[in-house]
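Take a look at the letters that make up each chain.
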Amino acid sequence: MKKALSLLCMAALLLAAASGCGAGGSPSSSGASRSEISSSSAGISPSSSESEKEPVTLRVVWWGSQDRHDKTLKVLDLFKAEYPHITIEPEYLAWTNYWERLASQAAASTMPDVIQNDYNYIETYARNGLCIPLDSLIGQEIHLDDVDDLYLAGGRVDGQIYGVNLGSGGPAVVYDPEIFAQAGLEEPDPSWTYADYEKAMRAIREKLDIFGATGLQDGGMYRGLEVYCRQYGQSIFSHDGSALNFDKQLFIDYYTMYTGWETQRLVPTPDALGDARVNIEANFICTGDSAMTCCNSNQIVSLVAAAGRPLKMTTVPMAEDQVQYGGYIKPSMFWSISKDAQAVEAGAQLIDFFTNSVEANRILMAERGVPISAAVREALAPDLEDTQKVMFDYIAQYAQYASEMDAPQPAAFAEISSLMDNYEQKIVFGEMSVEAAADEFMKKAGEAIQNAAG
């Protein structure tokens, strides 16, 4: 256990600079903002049986943008009104601080009861006993009767469910249609290729003198290379996480293409991106400094909110001679119950509320992704705003452009993701050739996997 916690602490520090599905912006104030959620604004009268229950305190933690924080707090108000015996202590942070803090709490056995979890972490947390299986709670406090197994698979580790999906999404390119029009370009569609992507970026740079895109990753090189490898039928890691599972030539080809865009100022270099790598409000598409960004599809809600103007979404470009589409449908994030939970039943009731309450989901409006409950999706459909419709339609149509999702990343993921970003900088700033970087990366990544498994 001590070794696992040490690895988690190290991973959290490394992943602060790496990609994260659903990574959001900074809240106005980090950490716990309200010691108790009030029911005064919810307008719900609790049943006598609920009000007579023994008082319980439930700690809940999540990461995300300011829009996510605001909506989540409103839902917690609603939950408190229905369960007045439950006092909620919310904690919310930016992605950059989240995993380091959670790892520290895990080491001190002070983790919150309910934690927002990520696909990159859930297997590590489950196998190291840092979150508990939820199977005994399903059918009791947590009801998943109208949830297709497709939406539950990502939270299952070794046959047990350790996280309930908060919404489904997939890799996407978000673009500003007005900037495309100003540059005299047609809007992209799923048939476009990397060559089309580069052509559009070049036209935008030449005509408008802004970046064509923030890049093909949402916070680090990992996501873009992952999709590129999948397009050629390979994956970053083997299914059991014991080795790399892609040809060195794919690293060379992808980094040659991507760092070429950086040197031509079609996409920003890592030092130019700065906080925009992990902060939605600072994303260049929101500030008007780029025409496109790559992200998880659920993030379009926060991107539009931060940009204050309409944005659209399409698939990641296709590779030349690809053997399959590189995209996939995945859980945007999960609710899990931690090993330190003091209020397991209340935590399960909270998970059920986020999953099945139509009123709660009218507040959230799929900010974390398309809801997994069929009844909730049906109830929300008439009330969707344009941005939500874009997201719902994207997921509904995206299945034909998606292939099977890879297994969760192994414990060495964060270190390897950090290595990818380091070699990106060395290549783009002329410190190493792409070929030399590929050789060194493959060697060091292999060693990191073995050390983590050690």
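These figures come from a predicted structure and were not determined experimentally.

**Student:** Can you help me understand the overall build of the protein in this one?
**Tutor:** The helix and strand tally for the protein stands at 18 helices and 15 strands. Here the protein holds 454 residues, and the buried ones make up 59% of them. Counting contacts in the protein only where the partners sit at least 6 residues apart, residues at least 24 apart contribute 79% of the total. Accessible area of the protein: about 17200 Å², with a carbon and sulfur share of 47%.

**Student:** Hey, could you run me through the pairing of strand 12 (residues 292–296) in this one?
**Tutor:** For a regular strand, the rule is simple: side chains alternate between the two faces of the sheet. Within strand 12, 5 of the 5 residues are buried, which leaves the element mostly enclosed by the surrounding structure. One ladder, built from 5 bridges, connects strand 9 (residues 171–175) with strand 12; its direction is antiparallel. Within strand 12, the position partnered with V174 by the bridge is T293.

**Student:** Please explain the packing of aromatic side chains as it appears in this structure.
**Tutor:** As enumerated under the stated definition, the model contains 29 aromatic pairs in all. Pairing Y222 with F413 gives two aromatic rings, centres 4.8 Å apart and planes at 90°, and the pair type is edge-to-face. With Y222 in helix 8 (residues 221–231) and F413 in helix 17 (residues 413–428), the pair connects residues that are 191 residues apart, well separated along the chain. Comparing Y222 with F413, the two get one shared label, buried.

**Student:** Explanation requested: the sheet that holds strand 9 in the structure shown.
**Tutor:** Spatially, 12-9-13 is the arrangement adopted by the 3 strands of the open sheet, whose pairing is antiparallel. Only two strands of the sheet have a single partner each, and these edge strands are strand 12 and strand 13 (312–314). Taking each pair of neighbouring strands and ignoring which way they run, the sheet shows an average axis angle of 35°.

**Student:** For this particular structure, what's the right way to read the state of the cysteines?
**Tutor:** Two cysteines form a disulfide when their sulfur atoms are joined by a covalent bond. Tallied over the full model, the rule gives 0 disulfides. Between C286, a cysteine without a disulfide, and C295, which holds the nearest cysteine sulfur, the sulfur-to-sulfur distance is 9.4 Å. C295 provides the cysteine sulfur closest to C294, a residue in no disulfide bond, and the two sulfurs are 6.5 Å apart.

**Student:** Explanation requested: the pattern of salt bridges in the structure shown.
**Tutor:** If charged atoms from side chains of opposite charge come close, those side chains can pair. Tallied over the full model, the rule gives 18 salt bridges. Three or more residues are tied together by salt bridges with common partners; here these are R59, E91 and R101.

**Student:** Honestly, the environment of G167 in this entry has me stumped. Any pointers?
**Tutor:** Mapping G167 onto the fold places it in the loop between strand 7 (164–165) and strand 8 (168–169). Along the sequence, G167 and P371 sit 204 residues apart, while their C-alpha atoms lie 4.7 Å from each other. Each residue touching G167, except ones within four places of it in the same chain, is listed here: K330, P331, S332, M333, R368, G369, V370 and I372.

**Student:** Just to check I follow, could you spell out the confidence of the model for the protein for this structure?
**Tutor:** The predicted structure's coordinates, where accompanied by low pLDDT, should not be read in detail. Within the protein, residue pLDDT values average 87, and 88% of them lie at 70 or more. Predicted confidence is poor over residues 10–45, with pLDDT under 50, and the contacts of this stretch with residues over four places away or in other chains come to 116 contacts.

**Student:** Got a minute to help me understand helix 16 (residues 386–398) in this structure?
**Tutor:** The end-to-end C-alpha separation of helix 16 is 18 Å, in line with the 18 Å expected for 13 residues at 1.5 Å each. Burial in helix 16 covers these residues: T387, Q388, M391, F392, Y394, I395 and Y398. An end-on view of helix 16 places all buried positions within 155° of arc, on one side of the element. Exposed side of helix 16, more than 90 degrees from the buried face: D386 and A396 are the residues found there.

**Student:** Just to check I follow, could you spell out the nonpolar core for this structure?
**Tutor:** Side chains that are nonpolar tend, in soluble globular proteins, to be buried together. Counting 58 residues, the largest nonpolar core has L58 and Y125 as its most contacted members. Sort the elements by how many residues they give to this core and helix 13 (residues 344–356) lands first, with 6 residues. Formed by 55 residues, the second largest nonpolar core is a distinct cluster that contains M292, C294, L419 and A448.

**Student:** Even after reading the chapter, I still don't get the packing of helix 3 (residues 66–82) against helix 13, so can you show me in this structure?
**Tutor:** Helix-helix packing is characterised by the crossing angle of the two axes and by the distance between the axes. For the pair helix 3 and helix 13, interaxial distance at closest approach is 11 Å and the crossing angle is 120°. Classed by the angle they form, the pair helix 3 and helix 13 counts as oblique. Relative to helix 13, the crossing made by helix 3 is right-handed. Between helix 3 and helix 13, the residues in contact are T72, V75, L76, L78, F79 and E82 and A346, Q349, L350, F353 and F354, respectively. In the contact of helix 3 with helix 13, the residues fall into 8 nonpolar, 2 polar and 1 charged.

Thresholds, definitions, all that
- Residues numbered from 1 in each chain as written.
- Predicted model: local features only at pLDDT ≥ 70, side-chain atom pairs only at ≥ 80, totals over all residues.
- Heavy atoms only, no water.
- Helix = DSSP H or I, 4+ residues; strand = E, 2+ residues; numbered from the N terminus.
- Buried < 20%, exposed > 50% of the residue type's maximum accessible area, 1.4 Å probe, protein only.
- Contact = heavy atoms within 4.5 Å.
- Areas by Shrake-Rupley, 256 points an atom, 1.4 Å probe, with all protein chains shown as cover.
- Pairing = 2+ DSSP bridges.
- Phe/Tyr/Trp six-rings, centres within 6.5 Å; stacked < 30°, edge-to-face > 60°.
- Axes fitted to C-alpha atoms, helices over the stretch in contact; angles between N-to-C directions.
- Disulfide = S-S within 2.5 Å.
- Salt bridge = Lys/Arg side-chain N within 4 Å of Asp/Glu carboxyl O.
- pLDDT = per-residue confidence, 0-100.
- Expected span 1.5 Å × (residues − 1).
- Arc of directions from axis to C-beta.
- Core = buried A, V, L, I, M, F, W, Y, C linked by side-chain atoms within 4.5 Å.
- Parallel < 35°, antiparallel > 145°, perpendicular 65-115°, else oblique.
- Left-handed = near helix turned anticlockwise from the far one by under 90°.
- Nonpolar A, V, L, I, M, F, W, Y, C, P; charged D, E, K, R; others polar.

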